[in-house]
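# Summary of structural features
What follows is the residue order along each chain.
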Amino acid sequence: MEKWPVAMATQEFLENCEVHKGKKFALFCEDHSQLCCHTCDLSHRQCSKVTPIANTTLSASDDQQLSAEINTILDQLMKLQAYWKSNLESLQVSYKKRL
Ligand SMILES: [Zn+2]
Ligand SMILES: [Zn+2]
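Residues numbered from 1 in each chain as written. Chains lettered and ligands numbered in written order. Predicted model: local features only at pLDDT ≥ 70, side-chain atom pairs only at ≥ 80, totals over all residues. Heavy atoms only, no water.

The chain appears in an unreviewed UniProt entry as B box-type domain-containing protein from Dreissena polymorpha.

Pasting the structure below:
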């Protein structure tokens, strides 16, 4: 997690309301396509679709599963890259032979 490019400060910045300092986003207004905190919500009382945001914080096990999946994909990409590299080399060898 600490190796991820998004630092904790950035995450906090993304989660917090810029109008009401220290308040976290808790709702989403579809009418305005806007994230709202509970204080913002007061000005969206007339809006038809204000839905609470689900708790999307990844649990430790989800996080481990995700990084395992990323590692698997990375592994496959490396193999694919090696495959194309050897393919290209054999092509160059036969090309030289023909010359
Ligand atoms: Zn707010
Ligand atoms: Zn609204």
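The biggest cluster of nonpolar side chains holds nine residues, and these are Cys17, Phe25, Ala26, Leu27, Cys29, Cys36, Cys37, Cys40 and Cys47. The residues contacting cysteine 40, other than those within four sequence positions of it, are Cys17 and His20. (Core = buried A, V, L, I, M, F, W, Y, C linked by side-chain atoms within 4.5 Å. Buried < 20%, exposed > 50% of the residue type's maximum accessible area, 1.4 Å probe, protein only. Contact = heavy atoms within 4.5 Å.)

Let us now look at the coordination of the zinc ion (ligand 2). When four donors bind a metal tetrahedrally, each ideal donor-metal-donor angle is 109.5 degrees, and when six bind octahedrally, the ideal angles are 90 or 180 degrees. Around the zinc ion (ligand 2), the protein supplies Cys29 (SG), His32 (ND1), His44 (ND1) and Cys47 (SG) as donor atoms, at distances of 1.9 to 2.3 Å. The coordination sphere of the zinc ion (ligand 2) comprises four donor atoms, whose angles at the metal cover 103 to 115 degrees; the geometry is tetrahedral. Counting the intervening residues between successive donors of the zinc ion (ligand 2) yields the motif C-x2-H-x11-H-x2-C. On the criterion of sequence distance, the pair formed by cysteine 29 in strand E1 (residues 27-29) and histidine 44 in the loop between strand E2 (34-36) and strand E3 (50-52) is long-range, its members being 15 residues apart. According to the relative accessible area criterion, cysteine 29 is buried, its value standing at 0%. (Donors = N, O, S within 2.8 Å, 3.2 Å for Na, K, Ca; no water. Tetrahedral: all angles 85-135°; square planar, octahedral: opposite > 155°, others 65-115°. Helix = DSSP H or I, 4+ residues; strand = E, 2+ residues; numbered from the N terminus.)

Following the criterion strictly, the structure yields one aromatic pair and no others. Ring plane angle 70 degrees and centroid distance 5.4 Å describe the contact between tyrosine 83 and tryptophan 84, whose orientation is recorded as edge-to-face. (Phe/Tyr/Trp six-rings, centres within 6.5 Å; stacked < 30°, edge-to-face > 60°.)

Attention now moves to a nonpolar patch on the surface. A contiguous nonpolar patch, built from Ile73, Leu74, Leu77, Met78, Leu80, Tyr83 and Trp84 and spanning about 780 Å² of accessible area, is present on the exposed surface. Within the secondary structure layout, tyrosine 83 lies in helix H2 (residues 60-98). (Patch = residues over 30% accessible without salt bridge, like charges linked within 9 Å, V, L, I, M, F, W, Y side chains within 5 Å. Areas by Shrake-Rupley, 256 points an atom, 1.4 Å probe, with all protein chains shown as cover. Salt bridge = Lys/Arg side-chain N within 4 Å of Asp/Glu carboxyl O.)

Our next topic: the UniProt feature "domain: B box-type" (unreviewed entry) in the chain. Sites flagged by UniProt as "domain: B box-type" (unreviewed entry) map to residues 17-53. For residues 17-53, the end-to-end C-alpha separation is 14 Å, with 0% helix and 24% strand making up the annotated structure. (UniProt positions renumbered as here; feature names shortened; annotations may be inferred.)

Tallied over the entire structure, the rule returns three salt bridges. Where glutamate 15 meets lysine 24, a salt bridge forms, and the shortest distance between an N and an O atom there is 3.2 Å. Residue glutamate 15 is classed as partly exposed on the basis of its relative accessible area, which comes to 28%. Of the charged contacts, one joins arginine 45 and aspartate 41 as a salt bridge, the two residues approaching to 3.3 Å between their closest N and O atoms.

Within the protein, the atoms that donate to the zinc ion (ligand 1) are Cys17 (SG), His20 (ND1), Cys37 (SG) and Cys40 (SG), at distances of 1.9 to 2.3 Å. On the primary sequence, the residues serving as donors to the zinc ion (ligand 1) are separated as C-x2-H-x16-C-x2-C. Exposure class is identical for cysteine 37 and cysteine 40. Each is buried.

Overall, antiparallel pairing links the three strands, which are arranged E2-E1-E3 in an open sheet. Of all the strands in the sheet, the pair left with one neighbour each is E2 and E3. Strand-to-strand twist across the sheet, computed as the mean angle between neighbouring axes with direction ignored, equals 30 degrees. (Pairing = 2+ DSSP bridges. Axes fitted to C-alpha atoms, helices over the stretch in contact; angles between N-to-C directions.)

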